[in-house]
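# Coordinates in review
Take a look at the letters that make up each chain.
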Amino acid sequence: GAAPLPGVGLDLFRGSGHWQVGLRLHGAGTLSAGGARAAALEVLAGADGCLGYELFEKDFWTPYAAGCAGVQYVGFAGKLHADAASPARAHDAGFVPSVRLGLRFFRWHAFDLDVFVQGYAPLSNALDVDGVLLPSGGLYMPAMQVGLAVGF
C-alpha cells in the first residue's frame with residue numbers, strides 16, 4: 001500500500017530558452033516504520049539527472065515537463081514476528097526513470113516558486129537477498145513525489 005514519507009530535496013537547474021537541465025538530490029524517511037508487523041518503507045533517497053521543457057520562455061509563470069533518470073535507494077523495516085525485540089531491515093538500490101510535471105511562478109523576480117509532481121517507475125524489484133523481510137521475488141516499489149520548491 002501507500003506509504004507517505006516527509007522529505008527534503010535539492011534541485012540544481014540551469015536553462016536556455018525553453019530547455020532546462022538539472023540535477024536532483026532527494027531523501028525522505030520515517031522513524032516509525034520499525035514497529036510495523038510487515039515490511040514498511042522507512043527510507044527513500046535518490047539522485048536524478050533531468051532534461052526539461054518549459055512551455056513559456058519569458059512569461060511570469062510556465063508549465064513544464066521533464067524526463068529524468070537516476071538511482072534510488074529504498075530501505076524497509078518490519079518485525080518478522082509479533083514478539084520480535086527489534087525490527088529486521090532490508091534495503092536495495094537501482095536505476096529509476098521518472099517524469100516530472102510542474103508549474104513555475106514568479107519568474108521575473110530573484111526567486112521562483114515551483115509546484116510539481118514526479119512519478120518514478122523502477123526497472124527492477126527491490127530484493128532482500130540476505131533476509132526474509134521482503135517477498136521471495138522482491139517488491140516492486142514505484143514512487144511519487146509531490147512538492148513545493150523555492151528557487152534562487
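Residue positions within a chain follow its written sequence, with the count starting from 1. Selection of residues for local features in this predicted model requires a pLDDT of at least 70, selection of side-chain atom pairs for listing and counting requires 80 or more, and totals for whole chains, interfaces and linings are taken over all residues. In computing side-chain properties, one takes all heavy atoms of the structure into account and sets aside hydrogens as well as water.

### Structural notes on unusual backbone geometry
The backbone of F106 shows a phi angle near 60°, a positive value even though the residue is not glycine. Each helix corresponds to a stretch of at least 4 residues labelled H or I by DSSP, and each strand to a stretch of at least 2 residues labelled E; elements are numbered beginning at the N terminus. Structurally, F106 is set in the loop between strand 5 (88–105) and strand 6 (112–120).

### Describing the nonpolar core
For the purposes of this section, nonpolar cores are sets of buried Ala, Val, Leu, Ile, Met, Phe, Trp, Tyr and Cys residues that join through side-chain atoms within 4.5 Å. Relative accessibility under 20% of the residue-type maximum defines a buried residue, over 50% an exposed one, and the middle range a partly exposed one, all with a 1.4 Å probe and only protein chains included. Counting residues in hydrophobic clusters, the biggest one holds 13 residues, and the most contacted among them are L41, L44, V74, F76 and M141. Sorting the residues of this core by element identifies strand 3 (40–54), strand 4 (62–78) and strand 5 as the ones contributing at least two each. The element contributing the most residues to this core is strand 5, with 3 residues.

### Comments concerning the sheet that holds strand 3
Within a sheet, neighbouring strands are paired by backbone hydrogen bonds and run either parallel or antiparallel to one another. What the 7 strands build is an open sheet, ordered 1-2-3-4-5-6-7; its pairing is antiparallel. At either end of the open sheet lies a strand with only one pairing partner, and these are strand 1 (7–16) and strand 7 (143–151). Neighbouring strand axes in the sheet, compared pairwise and without regard to direction, differ in orientation by 20° on average. At least two DSSP bridges between two strands are needed for those strands to be called paired. By the bridge criterion, 17 bridges tie strand 4 to strand 5 in an arrangement that is antiparallel. Of the residues in strand 5, the one forming a bridge with Q72 is G94. Between N-to-C directions, angles span 0 to 180 degrees; the directions come from axes that are lines fitted to C-alpha atoms, helices contributing only their stretch in contact.

### Details of the pairing of strand 1
Note that strand 1 and strand 2 (residues 19–29) share 10 bridges and pair antiparallel. When the sheet's bridge partners are listed, F13 is paired in strand 2 with G22.

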